[in-house]
Amino acid sequence: MSCRKRCKREIFKFAQYLFRLVTGTLSTDSVEDELELSTVRHRPEGLEQLEARTRFSRKELQILYRGFKNECPSGVVNEDTFKDIYAQFFPQGDASTYAHFLFNAFDTDHNGSVSFVDFVMGLSILLRGTVQEKLNWAFNLYDINKDGYITKEEMLDIMKAIYDMMGKCTYPVLKEETPRQHVEVFFQKMDKNKDGVVTIDEFIDCCQNDENIMRSMHLFENVL
Amino acid sequence: MAAGVAAWLPFARAAAIGWMPVANLPMPIAPTEKNKRQDELIILNVSGRRFQTWRNTLDRYPDTLLGSSEKEFFYNEETKEYFFDRDPDVFRSVLNFYRTGKLHYPRYECISSYDEELAFFGIVPEIIGDCCYEEYKDRKRENAERLMDDQEDNKDAKLPNMTFRETMWRAFENPHTSTMALVFYYVTGFFIAVSVITNVVETVPCGSVPNQKEVPCGERYTVAFFCMDTACVMIFTVEYLMRLFAAPSRYRFMRSVMSIIDVVAILPYYIGLVMTDNEDVSGAFVTLRVFRVFRIFKFSRHSQGLRILGYTLKSCASELGFLLFSLTMAIIIFATVMFYAEKGSSSSKFTSIPASFWYTIVTMTTLGYGDMVPKTIAGKIFGSICSLSGVLVIALPVPVIVSNFSRIYHQNQRADKRRAQKKARLARIRISKTGSSSAFLHSKRNGLFNEALELTSSTEEEQRLSKSTSLLESQHHHLLHCLEKTTVSESADHRSVMSSTLRNHEFVDEQYYQQSYLEGGLQNYPSRSPSLSSQDGMTGTCCTRRSKKHHTPLPNASAPAHMQPLTHTHTHQQGLQELSTIHIQPLSTSRSSLNMRVDDPAPLNCQSSQITTAIISIPTPPVTTPEGDAHLPAGPAHQNVVKVSAL
């Protein structure tokens, strides 16, 4: 709004205030000024469609939805709630940064909130997907700006976020350069052509050759 | 973990895949869920109202009753539901806690019933949500205060063995407990009044002697006033010393407010005695006389209203402090303004800011003496603003103080009312207690009577007699009797069974107890003396063995052949047999039975020193025959008299 218009508006408001003061009218609730953002009620698509799109059975979807809806009656999770939830699992450290990255990974359409569909699609990949899909998802998580390359800075951010979750009281004590060193190790392993970035193919190739990683991919299969 | 967190755990675990590619070390093995069952609905039947929820919902809080295996105790096999015999309305809040993770306190619910339900279900009240926590705490505090009031009333109770000192202290604290205390109370009150009136009248100018200026009465009738003062101070001193002597904790008494007031009231007199006609300190002496007015505060022992007022002021200390502070601020502001406003005018009384304080105070409290008045226009404008704002500032904390006073006053009223009601309630309780204990004694005596009957007659009469006592009563009586048997005097010699005359404690009438207590020794209850003296023997509990007996004469009843331990009866399923009353047998049999007893090892450890008869209201088969279980009919077909042997 231009300066003049704003000035006029302010003067008008002040005059109104003086008038009210002099005549002694009780101040009305200023509800009409602030239009509250009505809570978004999001309804997921039908059970059949979700069944088709994900690899969960009907019953599993029911259980998941019940838990989700119980926690977020409005049907969507926003980032703050996400951070709170994650913080409760890792009380000794600061999980907010990692939760932020995680939120972005789940929020596939980037609209700032995670609906049940997003949630269940993400879980479907993580729990029931093929190794390829899981690695894809992990790459997506690390690639913060979604440009197809993981740079050292991005990896450093992720690493710091993970180490933040540990908190201060660790043994051995966490030093400043521990994340950096960890990133170096990671890049040495992953970056085959030493161009300073890791592409999706390098990533997948390298992980598939690593036994530990392969084994750990199957770790959470029976979570639900 | 909170409810919500449990629901998100699968998600958090799944998201952990994000760490995998970064990790250098192998991951630990994930815990597997053995017998993972599908989530199922469980039905909670609370006093008829059925609540249903998922099993997982209840499992969220495993340290509560519903979340742990403790609820299996309440499982009803036939209806396949969990039955709780509790209040369904409160259960609603409890179940909502599992569902939402927040515990709410419904306002209409009584606080103690709510607390009991929470305790039953194993939920700690501290997790009540913020929305309801304040209300909960307030109600709890009110309740605690109420209970504390009740407890304070107990100090009226007279213990039987109070020393002289304790009696005196009790008399001082509660004047209505004895006549002497009441007399003392009124006498001191009278003397306080006399002393205060004397102090006041002392200063009144009375009757002028011609060609002399008016003198106050104190100087005219010096001797009279001095005598009066001395008398009052004597009384007060004696009272103070007596209280000091009687106080349970002298140090604490000396620190209490009332005793300080007492001391301050009588000290000036003694100091005056000590330093008479000494010119230097007579000025200070005169000041000390002012403290004599503190005697009026001694009235607060006599007046509850004064005490309440004092307590109110103490509890409103913060409000009063705020009032004072805000007044001070306003005074300084307005005094400054008035001073500078009136600086210009000539012959103004506002000579300095502290001098303006007086004007400001007088104006703000709307007194308006008129000795200092602003003359300039600015001064008058600010003066009017000052008086308007004064009203506001003073009026603000007053409602708080008033509401505090009202609350405390009503609390006191309630306490008095409750005291009166309590007396009536205690009287009723006492009547019912004596009723039940006399029923017990009555039944015991009936037992003796039954003894004689038993020798001669059939079972009908016993049947008739035993019907008069209900099952619960008879069990209760049996219990009391067992207790009697258990308690043995300490001088018991367990070895010499025959020689020592042990007696166990028995329940007796209240009047009998007082009688015997006053006479300084527990005597034999006349009608039962033979059995008392025969009660040698061990620390007997109730009868252990019972032998079925059908019309065999008494002395042989102690035949140990059919003895069965007590537990046998109790293993009968439907509790069909109960012991109704235990009766005492005369001397001879017990002696013989005692002889036998020495060799007989008791399967149970309880041995009673006498043979007792028990009327058992079992349907048909007697205690001892093992084949009885299958054939027990539902109702009592006939009564068996079963002799309970002492051995």
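For chain B, the name recorded in an unreviewed UniProt entry is Potassium voltage-gated channel, Shal-related subfamily, member 3, with Sphaeramia orbicularis as its organism. Taken verbatim from the UniProt record of chain B, the Catalytic activity (unreviewed entry) comment is "K(+)(in) = K(+)(out)".

Per an unreviewed UniProt entry, chain A goes by the name Kv channel-interacting protein 4 and belongs to Sphaeramia orbicularis. Regarding chain A, the relevant UniProt record gives this comment under Sequence similarities (unreviewed entry): "Belongs to the recoverin family."

*Asks:* How do you make sense of the overall build of chain B when you look at a structure like this?
*Replies:* The helix and strand tally for chain B stands at 24 helices and 8 strands. Expressed as a percentage of contacts within chain B between residues at least 6 apart in sequence, the contacts between residues at least 24 apart total 67%. Carbon and sulfur atoms make up 63% of the accessible area of chain B, which totals about 37000 Å².

*Asks:* Explanation requested: unusual backbone geometry in the structure shown.
*Replies:* Among all residues except glycine, the phi angle is most often negative; among peptide bonds, the trans geometry is most common. All names here are of chain B. For S47, which is not a glycine, the phi torsion comes out positive at approximately 50°. In this structure, S47 sits in the loop between β1 (41-46) and β2 (49-54). Residue classification places S47 among the partly exposed positions, given a relative accessible area of 35%. Located in the positive-phi region is T366, a residue other than glycine, with phi close to 55°. Checked against the element boundaries, T366 lands in the loop between α15 (353-364) and α16 (377-395).

*Asks:* Please explain the UniProt feature "domain: EF-hand" (unreviewed entry) in chain A as it appears in this structure.
*Replies:* Here the UniProt feature "domain: EF-hand" (unreviewed entry) sits at residues 94-129, 130-165 and 178-213 of chain A. Between the end C-alpha atoms of residues 178-213 of chain A there is a gap of 21 Å, over a span that is 72% helix and 8% strand.

*Asks:* I would appreciate a short explanation of the packing of aromatic side chains in the present structure.
*Replies:* Here a ring pair, both rings aromatic, is described through the centre-centre distance and the interplanar angle of the planes. What the rule picks out here adds up to 48 aromatic pairs over all chains. Taken together, a centroid distance of 6.2 Å and an interplanar angle of 55° make the contact between Y98(A) and W19(B) tilted. In this pair, Y98(A) sits in helix α5 (residues 96-106) while W19(B) sits in the loop between α1 (3-15) and β1, so the two residues belong to two different chains. Here F139(A) and F203(A) contribute two aromatic rings whose centre-to-centre distance is 5.6 Å and whose plane-to-plane angle is 55°, an arrangement assigned as tilted.

*Asks:* Help me understand the interface of chain A and chain B in this model?
*Replies:* A common way to state how big an interface is: give the accessible area lost once the parts meet. The interface is formed by 47 residues belonging to chain A together with 37 residues belonging to chain B. Taken together, both faces of the contact between chain A and chain B bury some 3400 Å²; the carbon and sulfur share is 71%. The interface formed by chain A and chain B contains 2 residue pairs in polar contact (both at pLDDT 80 or more). Take the side of chain A that touches chain B: its biggest share by element is 6 residues, from helix α3 (residues 58-71) of chain A. Partitioned by chemical class, the residues of the side of chain A that touches chain B number 34 nonpolar, 7 polar and 6 charged.

*Asks:* Explain the confidence of the model for chain A here, please?
*Replies:* The predicted coordinates of low-pLDDT regions are not to be read in fine detail. Residues and elements named next belong to chain A. For chain A, the average pLDDT comes to 82, and 91% of its residues sit at 70 or higher. The secondary structure element of chain A with the lowest average pLDDT is helix α11 (residues 211-217), at 82, and the one with the highest is α5, at 89. Taken together, the stretch residues 31-37 has pLDDT below 50 and engages in 0 contacts with residues farther than four places along the chain or on a different chain.

Conventions adopted
- Residues numbered from 1 in each chain as written.
- Chains lettered and ligands numbered in written order.
- Predicted model: local features only at pLDDT ≥ 70, side-chain atom pairs only at ≥ 80, totals over all residues.
- Heavy atoms only, no water.
- UniProt positions renumbered as here; feature names shortened; annotations may be inferred.
- Helix = DSSP H or I, 4+ residues; strand = E, 2+ residues; numbered from the N terminus.
- Contact = heavy atoms within 4.5 Å.
- Areas by Shrake-Rupley, 256 points an atom, 1.4 Å probe, with all protein chains shown as cover.
- Buried < 20%, exposed > 50% of the residue type's maximum accessible area, 1.4 Å probe, protein only.
- Phe/Tyr/Trp six-rings, centres within 6.5 Å; stacked < 30°, edge-to-face > 60°.
- Buried area = accessible area lost by both parts, 1.4 Å probe.
- Polar contact = N/O pair within 3.5 Å; in protein donor to acceptor, adjacent residues only side chain to side chain.
- Nonpolar A, V, L, I, M, F, W, Y, C, P; charged D, E, K, R; others polar.
- pLDDT = per-residue confidence, 0-100.

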